[in-house]
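Commentary on secondary and tertiary structure
The lines below spell out each chain.
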4 protein chains.
Amino acid sequence: MRAGIVGASGYAGGELVRILAGHPGVELTYLCSETYKGQDISAALPNMRGLLSKECVSYDPATAVEQCEVVFLAQSNGWAMNQAAKLLEAGLKVIDLSADFRLKSIAAYQEWYKLSHTSPDLLTGAIYGLPELHKTAIQAANLVANPGCYCTSAILALAPLLKDRLVEPDTVIVDSKSGVSGAGRSSFKLDNHFPELNESMKAYNIGVHRHTPEIEQELTLLAGRAMKISFTPHLIPITRGILTTAYAGLIAPDWTTEELITLYAEFYGSAAFVQVLDAGQYPTTKAVCGGNFCHIGLRVDPRTNRVVVVSALDNMVKGAAGQAVQNMNLMFGLDEMAGLDRAGVYP
Amino acid sequence: MRAGIVGASGYAGGELVRILAGHPGVELTYLCSETYKGQDISAALPNMRGLLSKECVSYDPATAVEQCEVVFLAQSNGWAMNQAAKLLEAGLKVIDLSADFRLKSIAAYQEWYKLSHTSPDLLTGAIYGLPELHKTAIQAANLVANPGCYCTSAILALAPLLKDRLVEPDTVIVDSKSGVSGAGRSSFKLDNHFPELNESMKAYNIGVHRHTPEIEQELTLLAGRAMKISFTPHLIPITRGILTTAYAGLIAPDWTTEELITLYAEFYGSAAFVQVLDAGQYPTTKAVCGGNFCHIGLRVDPRTNRVVVVSALDNMVKGAAGQAVQNMNLMFGLDEMAGLDRAGVYP
Amino acid sequence: MRAGIVGASGYAGGELVRILAGHPGVELTYLCSETYKGQDISAALPNMRGLLSKECVSYDPATAVEQCEVVFLAQSNGWAMNQAAKLLEAGLKVIDLSADFRLKSIAAYQEWYKLSHTSPDLLTGAIYGLPELHKTAIQAANLVANPGCYCTSAILALAPLLKDRLVEPDTVIVDSKSGVSGAGRSSFKLDNHFPELNESMKAYNIGVHRHTPEIEQELTLLAGRAMKISFTPHLIPITRGILTTAYAGLIAPDWTTEELITLYAEFYGSAAFVQVLDAGQYPTTKAVCGGNFCHIGLRVDPRTNRVVVVSALDNMVKGAAGQAVQNMNLMFGLDEMAGLDRAGVYP
Amino acid sequence: MRAGIVGASGYAGGELVRILAGHPGVELTYLCSETYKGQDISAALPNMRGLLSKECVSYDPATAVEQCEVVFLAQSNGWAMNQAAKLLEAGLKVIDLSADFRLKSIAAYQEWYKLSHTSPDLLTGAIYGLPELHKTAIQAANLVANPGCYCTSAILALAPLLKDRLVEPDTVIVDSKSGVSGAGRSSFKLDNHFPELNESMKAYNIGVHRHTPEIEQELTLLAGRAMKISFTPHLIPITRGILTTAYAGLIAPDWTTEELITLYAEFYGSAAFVQVLDAGQYPTTKAVCGGNFCHIGLRVDPRTNRVVVVSALDNMVKGAAGQAVQNMNLMFGLDEMAGLDRAGVYP
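Here is a short report on the structure shown in this document. By convention here, each chain's residues receive numbers from 1 onward along its written sequence. Ligands are numbered from 1 and chains lettered from A, in the order in which they are written. Restriction of local features to residues with pLDDT of at least 70 applies here, the model being predicted, together with a cutoff of 80 or more for giving and counting side-chain atom pairs; totals for whole chains, interfaces and linings are based on all residues. The basis for the side-chain values is all heavy atoms of the structure; hydrogens and waters are excluded.

1. Quick notes on the interface of chain C and chain B
What counts, and what does not: Residues count as neighbours in contact if any of their non-hydrogen atoms are within 4.5 Å of one another. The salt bridge definition used is simple: a Lys or Arg side-chain nitrogen within 4 Å of an Asp or Glu carboxyl oxygen. In the analysis that follows, any N or O atom pair within 3.5 Å is treated as a polar contact, provided that within protein one partner can donate a hydrogen and the other can accept it, and provided that, for residues neighboring in sequence, both atoms belong to side chains.
Taken together, the contacts link 20 residues of chain C with 20 residues of chain B. The tally of links between chain C and chain B comes to two salt bridges. Between Glu196(B) and Arg185(C) there is a salt bridge, and its shortest N-O distance comes to 2.9 Å. Put simply, chain C and chain B have ten residue pairs in polar contact (both at pLDDT 80 or more) between them.

Next comes the structure, spelled out in structure tokens:
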């Protein structure tokens, strides 16, 4: 399969290059990067030296159509909604890693992203690319909206609880901690300068982060009623990884940790990339670094009758590029783990 | 004033050495360390080279009484409750950095620490050493139980809300992130080995961390009713710093962020070491590294009617040694900022 | 091919598991770990969850012979020299990652490792497993002594200069900087405790590090005369990576940077895993993290007539497990890049 | 004494604020920052909250003269040479932290900095502010050129060897490793972006770093003959600290490590801030973090007859602001340690 990447030199795009270069069923035919156009991809991604040599080019729709069967769009918000139609009309499949097709509500998109949506008609057919929840729809999709990194960790942590109506919907709190690569490769400003971030931690965008409506949209679908959550993102001085700690009040008083773990294990029984840990074990981001897995641990606190669920994933893999490849595998009928079956590094 | 430190080569003890060596009213007369006995303190604390030279010795109560007016105990839990009485009876003042005198309930101490308390009679007179709440009692105390590091950050974050009955007591969640020095200097096991921790994050002791009853004890005093909270500690790959994100449901629907900030600023108006940040600003642990300050930022989320409060402090200073010196200053009628008036390093 | 790993839960052993689990021609039949015996390998290596499930067992020579065609020994120095013979006699091929078979001189082994060599007869047939220098011999070998991590970076940095007699042999200085994983997984002592190492740097074992005679042995072979070098290892607070800066005085005065780069590129023209960078470019350890590559950059300094060569590699991959797999590929006539053709993570 | 800082919001300037705010003999009367003009200094330096409140202003020479007796210039290269004269003519003392007055040779300044020197006449009176070498001259100086951070570590490491003619001048190699704050606060570009630097190492500007002629100038003065060295700077992912490893060939064959340590201890006997470590001990940057000390360890390698000297200092303190305050103390007849007598943080 011939695949193209628009934004191949960014962090998500670079991970797409890394993963797809090792995918047995994919040929990388088209790498677009405005920053590195005319240069070999290894100028942007030195880890590819000796493994892949290909020149970066400027994006051109006609070339994309000619050279690709699937195109990954890893551009800023607002770009894909103007470009996806041409590719879809030409019969290509499109996987967009921006926020443009994630929110079903145009109003919500405008409210949280301050952008008018220019392709509202495409939203209907766009499938939210979280395979653990929407596998069948993804298999039939031509346009997949790949989830945000925080969202994948939050939704996977909470889905079984909401689906089974085990928790009070109004009690859900999501406290997420992210590595710095989540801010993107071009985010080198004073706040992200190494000496300012290193050996520090902070919360940011409390209650107003753009991933909030996306998490709520999916939790609402699961719960069958409108969900409003508290979401607090934090910046942690590591490169990769999101750790999400989710809190919810249990409706029934008698759940044990072991029972909920069994329930989670069943819910994710057919999910290749979700690993539910035993009681007493909690995930670490290191264990998922570079891989497409999401590890989940939980504990019922009988003192407060809350359940605390912790999920860990690599924001650039299961939170971006790996999930996009997982979606591609489903869209094209490939093995869901193709190209994603190598372990991440540890330690 | 002649001061001694028992456990001078540990992380909290080492910070006591650093701070007291620069305190204008203190002479360090007695440094105890089993690990470094017979060696100069700079063998344990290389930052003291050229500034302080003094031999570490084994602890001996009679010598302590002879050489000190105040003794800081920075030993493992269970040590101070067997040793404090002798010092107090000899007329010394004692500041204990362990958990031995923090919990007023012997039952709670036994439940959470799995130790029988051997000095229950001392508990009555022991004052919980959080100056922002108990300044008058500390000024009159002979025995101060210096708070745990997580506890200081959690209690300072929540105190104004509970004191003024602004939040539903059952909704309080405390999500804390700590640097590794909080685990102590002798905690070098596989879990804390550099390659295992570095570039990773994890939650631990969810709902069962020993600081939970200590936080609840103080919040209960403030709220005037029994408090049970969810407390989740996390380990973050930095050396120093605790960031606590606290969540609580507001009782009244109309509070604004600005109003609550004003309320916090008034509550902490006379507190030299608490800095309440303006709306839209959130604290970083870097800003308090090495200093005795606690920075607090908050936001009211009108969507969920919750308030989210974030506090940052240096776990080894305001969370341990600095606070202990602040307590000493109060106990001896010194300027509360004496020895603590130099800025921490930035960046 | 059926492969076994003795010491599968250590850092080098764990990397062998990771790489071999993704090797198309290898079946991992035998995983030995005393620490984790009876447990699944994912208890030791959480990155393997969902990809490999296999119980760790205690080492037993008969079982090894029965279940394996090749065995990787990733044990402490002194272990392999007592165990390799049995495996070799049974017709297995052995790749040893310890120092036991690296030094041709028994006297040097005893001097630097303070151990009597118990299998001096095996030394003759043991091949030093640096494929860029000894490919033909490795292809015919039954016992390969896999190089030390510092050694690979130092020897690859200097080999072309010494082979072509371009530098004064007595002027060679090797200044190496290593991540902490190089110390091994069981090295959790105070010196390596996270808060002590983090945000710090230090030199150690100046002039007496055990890798010195190994570097000198290979440089001596290349130079055709006895080499003595200055070697200074440093500990840097990162998990993976070695950066070596090598200095040597040029014999002739007229070499340019570009000419030496051309010479290096020719020397390593057929080496799949060595990448020589263009003039003005210097390697970073991040670019090789998780991959089996060694990146080399250099500059001639006309002011001092010295050449400065910088090499970067992942100490756990090209400096240990990856190189061992590369050796295995050669020993069994497989593609040299088999199992090693996926890019490491970046950033 | 009334002191002003031009560039108070940069890293060196910020450290000047921190140190001088705690200096018993100094009043900070004038803080200039173009970036933060009109804002309180704590907006730039959050560690100063609660300790110092003062508005940043734009630089104006007349105001500087009116409000200050000493002015620290912490601006980019090329600024001070245009501004210092006015301050000096008005009778102020000036301590410049840029390179403008460090090199005695105008030709060298132009060659290495690509700037024409506009105040060559001031160079004669400018004293190179390394108190361990030039104390008497500094005491009488009106204009001090504060050394570069790499230079202090390199010169202090090598001075005793060259002064006593113990090493072959042509054999000196300086391999330095620096934390990222050395690049300055406004250096937030892709190369210094957290995810690109974190968990990586690299060499840069090999043989062409601008600090080279400054090191050579001072070593030449010590050695009494022209010195040319190899200098390689490296970037290490920590915030603060420089570790320099210096190599030199001993002229005489019989020196022991202990003898050279004795010689160093005597050379630095009256230097308050240089600590010579015992044989077998090597410095760490953590031990000097936040303090004004330089720790030095060394070893004679009898195999190569080279001496390896390692020095560690905080690039922002002894490598910049702390040294500047030390110079101020000398210029004004104050205790050399005034304001610098508090220990840095450890760990």
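2. Focus on the environment of Ser53(B)
Residue and element names in this part refer to chain B. The test is simple: Numbering of helices and strands runs from the N terminus; a helix is a DSSP stretch of H or I covering at least four residues, while a strand is a stretch of E covering at least two.
Topologically, Ser-53 is positioned in the loop between α2 (41-44) and α3 (61-67). Taking the C-alpha atoms as reference points, Ser-53 and His-295, 242 residues apart in sequence, are found 34 Å from one another. Within the structure, Ser-53 has its side chain in polar contact with the side chain of Asp-40 (distance 2.8 Å).

3. Some words on the side chain of Thr244(C)
All names here are of chain C. Stated formally: Relative accessible area decides the class of each residue, using a 1.4 Å probe on protein chains only: under 20% of the type maximum gives buried, over 50% gives exposed, and in between gives partly exposed.
Structurally, Thr-244 is set in strand β10 (residues 242-249). Residue Thr-244 is classed as buried on the basis of its relative accessible area of 0%. Among the polar contacts listed, one links the side chain of Thr-244 to the side chain of Ser-153, at a separation of 2.6 Å. A polar contact is formed between the side chain of Thr-244 and the side chain of Ser-176, at a distance of 2.7 Å. Once residues within four sequence positions are removed from consideration, Thr-244 is found in contact with Ser-153, Ala-154, Val-174, Asp-175, Ser-176, Val-309, Val-310 and Ser-311.

4. Comments concerning the pattern of salt bridges
Taken as a whole and judged by the stated rule, the model has 56 salt bridges over all chains. Put simply, Glu15(B) and Arg18(B) hold a salt bridge, and the shortest N to O gap is 2.9 Å. Placement of the pair is Glu15(B) and Arg18(B) together in helix α1 (residues 11-21), with a separation of three residues, close to one helical turn. Classification of Glu15(B) as buried rests on a relative accessible area of 0%. For Arg18(B), a relative accessible area of 12% puts it in the buried group. A salt bridge links Lys37(B) to Glu34(B), with the shortest nitrogen-to-oxygen separation between them at 2.9 Å. In this structure Lys37(B) comes out as partly exposed when scored by relative accessible area, which is 45%. When salt bridges that share partners are traced, they join Glu15(A), Arg18(A), Arg240(A) and Asp314(A) into one network.

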